[in-house]
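# Coordinate inspection notes
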Amino acid sequence: MISSDSSAVEPINDPESLCGTTSATPITDSSSTAAKKDGKQNDQHHDVEQAENSIVTDDDTNTSNVKDCKALDVEKEGKLSFRKRLCTFWHTYEFLLLILIVICLARAYPPLGAEYVAPQITASWCAVMFIFLYSGLGLKTNDFAKAFQRVDVNAFVQMFNFGFVSAVVFAGTRVLEAANILSTELSDGMVIASCLPMSINMVHVLTDAAGGDDPLAVINAAAGNMIGVFLSPVLILGYVGVTGDTQVTDVFYELTLKVLLPVVVGQIVQKTMPKFIALFNKYKEYVKKAQEYALVFIVYTVFCKTFSKDAVSSFGEIFLMIAFVFLFLIFVMTAAWFTMRLLFRDYPEIRIMGLFGCTHKTVALGIPLISAVYEGSPNVGTYTLPLLIWYPMQLIVGSLLVERLRKFKKDELIRLGRVEDCESPSCSTEKEMGDSVAVTASDLESANITGHSNESEDGKDEST
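In short, a report on the structure. Keep in mind that what you see is a predicted model, and the values were worked out from it rather than measured.

### Side note on the overall build of the protein
Scanning the protein for helices and strands turns up 20 helices and zero strands. The proportion of buried residues among the 464 residues of the protein is 38%. Put simply, of all contacts in the protein between residues at least 6 apart along the chain, 82% involve residues at least 24 apart. Looking at the protein as shown, the accessible area adds up to about 25900 Å², and 64% of this sits on carbon and sulfur atoms.

See below:
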């Protein structure tokens, strides 16, 4: 055992093992074979390194291409986002922007809207009747019945519009007149404007756009104008002390034909012609836009008539009127909003309608009433100026509040648990619809990027 272990351990001391051909031959063959194997392994490692280097190079190339594509996408997205923001801004404030545009057009060339388009027919009759025909076709008879039953709401709106607004404006203008800030004529003009009924078209259109109670708006606007034929001259007599004769029968006749008749015709068509109503509902969105454009046309003709006359006030008086009308309007709107909150807290649609119905004043009936009451007076133009400022001011402020009121209505319906009402299209805002589209696009883009990255990783694994 020991000798065998020693011979096995010390083969190097044997000269034959060092120099013999027999023993040297196998050693040489094994070393050459090992060298060949090492060479093949080195070649394989070299090929693998080259493959990995090529993969890294391809990955770098793909990464640079992806970066270039992303840079182009960012540039395109910047252009598209600007266009999207511009389109969103236009759709959000389209009504207000159109009003500003037509006022500028009316100032540029007043005869077009004052004479050539026959406003006494196209604006005073056709446009107004179209607006209320749309209401008659779109509103349900049950909604009108419910609106008639809300005696408390109707009474509050009329009392606030005629009583509270006129009292606040009378007290405020008398303070300004005593302080020599406003002239007596302009103070009286503001009081006269505050005694007028609400605007028929504007209250209805803004209430509908903001998601308010449209049947209540129609009923209060029509009733307010009929009441105003009698009540407005009485209020003007009580505050200012001057009165005149008004053709009550003519005013009632025009209101019946312009407001009540189109609504009744629309209700009859709604009950007797279902195919026509189905077609109307299919294109209701476009008809509603046409209704807004009709109101824009009415505003255009009103300002064309205003600008076609000679200026009766200085620029200083006009700026004073703009400032004080704005302050009075904001004050009475704030008072109406919080009062409606106390009285009708769980009725967001009524609160929205009340915000407009309690504070708006009419030009269509106001100017004829002022002309009838102060016929022959040299101050008729001055008395009309506050109303001509109040009218566009309430339109601008109301248009700016439409989106906020839509969001308010949605939040209130969620609070009250009326989720089914909140799912209606009138309850969602333009901004939310735009955000949802943007989120969907970003989700799709991220999904596409993830899919491409997964595909590249799979390709890398296969090539490796």
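### Topic: the packing of aromatic side chains
Each aromatic ring pair is specified by the distance between its two centres and by the angle formed by the two planes. Enumeration over the complete set of coordinates arrives at eight aromatic pairs. Taking 6.3 Å as the distance between ring centres and 65 degrees as the angle between the ring planes, the aromatic pair formed by phenylalanine 156 and phenylalanine 344 counts as edge-to-face. Of this pair, phenylalanine 156 sits in helix H8 (residues 151-178) while phenylalanine 344 is found in the loop between helix H15 (315-343) and helix H16 (348-357), placing the two residues 188 residues apart along the sequence. Here phenylalanine 156 matches phenylalanine 344 in class, with each residue buried. Between tyrosine 283 and tyrosine 286 the ring centres are 6.4 Å apart and the planes differ by 45 degrees, which places this aromatic pair in the tilted class.

### A few points about the side chain of glutamine 394
Structurally, glutamine 394 is set in helix H18 (residues 380-415). Given the relative accessible area of 0%, glutamine 394 is considered buried. Sequence-distant contacts of glutamine 394, defined by excluding residues within four places in its chain, comprise Ser199, Met202, Leu206, Leu329, Thr359, His360 and Lys361.

### Thoughts on the packing of H8 against H15
Packing of H8 against H15 leaves a shortest axis separation of 11 Å and a crossing angle of 140 degrees. Regarding the angle of H8 to H15, the classification is oblique. The hand of the H8/H15 crossing is right-handed. On H15, the residues that touch Phe156, Phe160, Phe164, Val165, Val168, Val169, Gly172, Thr173 and Leu176 of H8 are Phe324, Phe328, Phe331, Val332, Ala335, Ala336, Thr339, Met340 and Leu343. Across the contact of H8 with H15, the residue classes tally to 15 nonpolar, three polar and no charged.

### A few points about the packing of helix H6 (residues 119-138) against helix H14 (residues 284-308)
Between H6 and H14, the least distance of the axes is 9 Å, while the angle of their chain directions is 150 degrees. Comparing the axis directions of H6 and H14 gives the class roughly antiparallel. Considering only the axes of H6 and H14, their crossing is left-handed. In contact with Pro119, Thr122, Ala123, Ala127, Val128, Phe130, Ile131, Tyr134, Ser135 and Gly138 of H6, H14 contributes Lys284, Val287, Lys288, Ala290, Gln291, Ala294, Leu295, Phe297, Ile298, Thr301 and Lys305.

### Quick notes on the pattern of salt bridges
Taken as a whole and judged by the stated rule, the model has eight salt bridges. Among the ionic pairs, aspartate 188 bridges to arginine 174, the shortest N-O distance being 3.0 Å. With aspartate 188 in helix H9 (residues 184-194) and arginine 174 in helix H8, this pair connects stretches of sequence that are 14 residues apart. The closest approach of N and O atoms between aspartate 208 and lysine 288, which form a salt bridge, is 3.5 Å. Residue aspartate 208 is located in helix H10 (residues 200-210), and its partner lysine 288 is located in helix H14; the two are separated by 80 residues in the primary sequence. With relative accessibility at 17%, the residue aspartate 208 sits in the buried group. Using a relative accessible area of 24% as the deciding quantity, one classes lysine 288 as partly exposed. If you follow the salt bridges from partner to partner, you end up with Arg174, Glu177 and Asp188 in one network.

### Remarks on unusual backbone geometry
Phi angles above zero are rare outside glycine, and alanine 118 is one such case at about 55 degrees. Mapped onto the secondary structure, alanine 118 falls in the loop between helix H5 (110-116) and H6. Given the relative accessible area of 23%, alanine 118 is considered partly exposed. One non-glycine residue, asparagine 180, adopts positive backbone phi at about 60 degrees. With respect to the helices and strands, asparagine 180 occurs in the loop between H8 and H9.

### Here we look at the side chain of threonine 173
Secondary-structure assignment places threonine 173 in helix H8. A polar side-chain atom of threonine 173 sits 2.7 Å from the main-chain carbonyl oxygen of valine 169. Beyond its immediate sequence surroundings of up to four residues, threonine 173 is in contact with Ser187, Met190, Val191 and Phe328.

### Here's the deal with a nonpolar patch on the surface
Taken together, the side chains of Trp90, Ile101 and Leu105 define a hydrophobic patch exposed on the protein surface, amounting to about 270 Å² of accessible area. The class for tryptophan 90 is partly exposed, based on a relative accessible area of 34%.

### Overview of the environment of threonine 173
Overall, threonine 173 belongs to the buried group, its relative accessible area being 0%. With 13 residues separating them in the primary sequence, threonine 173 and leucine 186 have C-alpha atoms 8.7 Å apart. A distance of 3.1 Å separates the side chain of threonine 173 from the backbone oxygen of phenylalanine 170, its partner in a polar contact.

### A closer look at the nonpolar core
Ranked by size, the top nonpolar core spans 96 residues in total, and within it Phe132 and Met190 carry the most contacts. In terms of residue count, the dominant contributor to this core is H18 (13 residues). When sequence neighbours within four positions are dropped, the list of residues in contact with methionine 190 reads Val169, Thr173, Leu182, Met321, Phe324, Val325, Phe328 and Pro386. Ranked by size, the runner-up nonpolar core spans five residues in total, among them Tyr134, Leu137, Val269 and Ile277.

### Some points on the environment of glutamate 292
When you line up the elements, glutamate 292 lands in helix H14. A relative accessible area of 14% means that glutamate 292 is categorised as buried.

### Topic: helix H11 (residues 214-239)
Within an α-helix, residues lying three or four positions from one another point in the same direction, as the helix has 3.6 residues per turn. Helix length check: H11, at 26 residues, gives a terminal C-alpha distance of 32 Å against a target of 38 Å (1.5 Å per residue), a shortfall beyond 12%. Residue glycine 228 marks the point of greatest curvature in H11, where the axis turns by about 50 degrees. Where H11 begins, the capping side chain belongs to aspartate 213, and its oxygen is found 3.3 Å from the backbone nitrogen of leucine 216. The first or second residue beyond H11 is glycine 241, which carries a positive phi of 95 degrees.

What counts and how
Residues numbered from 1 in each chain as written. Predicted model: local features only at pLDDT ≥ 70, side-chain atom pairs only at ≥ 80, totals over all residues. Heavy atoms only, no water. Helix = DSSP H or I, 4+ residues; strand = E, 2+ residues; numbered from the N terminus. Buried < 20%, exposed > 50% of the residue type's maximum accessible area, 1.4 Å probe, protein only. Contact = heavy atoms within 4.5 Å. Areas by Shrake-Rupley, 256 points an atom, 1.4 Å probe, with all protein chains shown as cover. Phe/Tyr/Trp six-rings, centres within 6.5 Å; stacked < 30°, edge-to-face > 60°. Axes fitted to C-alpha atoms, helices over the stretch in contact; angles between N-to-C directions. Parallel < 35°, antiparallel > 145°, perpendicular 65-115°, else oblique. Left-handed = near helix turned anticlockwise from the far one by under 90°. Nonpolar A, V, L, I, M, F, W, Y, C, P; charged D, E, K, R; others polar. Salt bridge = Lys/Arg side-chain N within 4 Å of Asp/Glu carboxyl O. Polar contact = N/O pair within 3.5 Å; in protein donor to acceptor, adjacent residues only side chain to side chain. Patch = residues over 30% accessible without salt bridge, like charges linked within 9 Å, V, L, I, M, F, W, Y side chains within 5 Å. Core = buried A, V, L, I, M, F, W, Y, C linked by side-chain atoms within 4.5 Å. Expected span 1.5 Å × (residues − 1). Bend = angle between axes of the 7 residues up to and from the residue.

Honestly, it's all geometry; don't read function into it.
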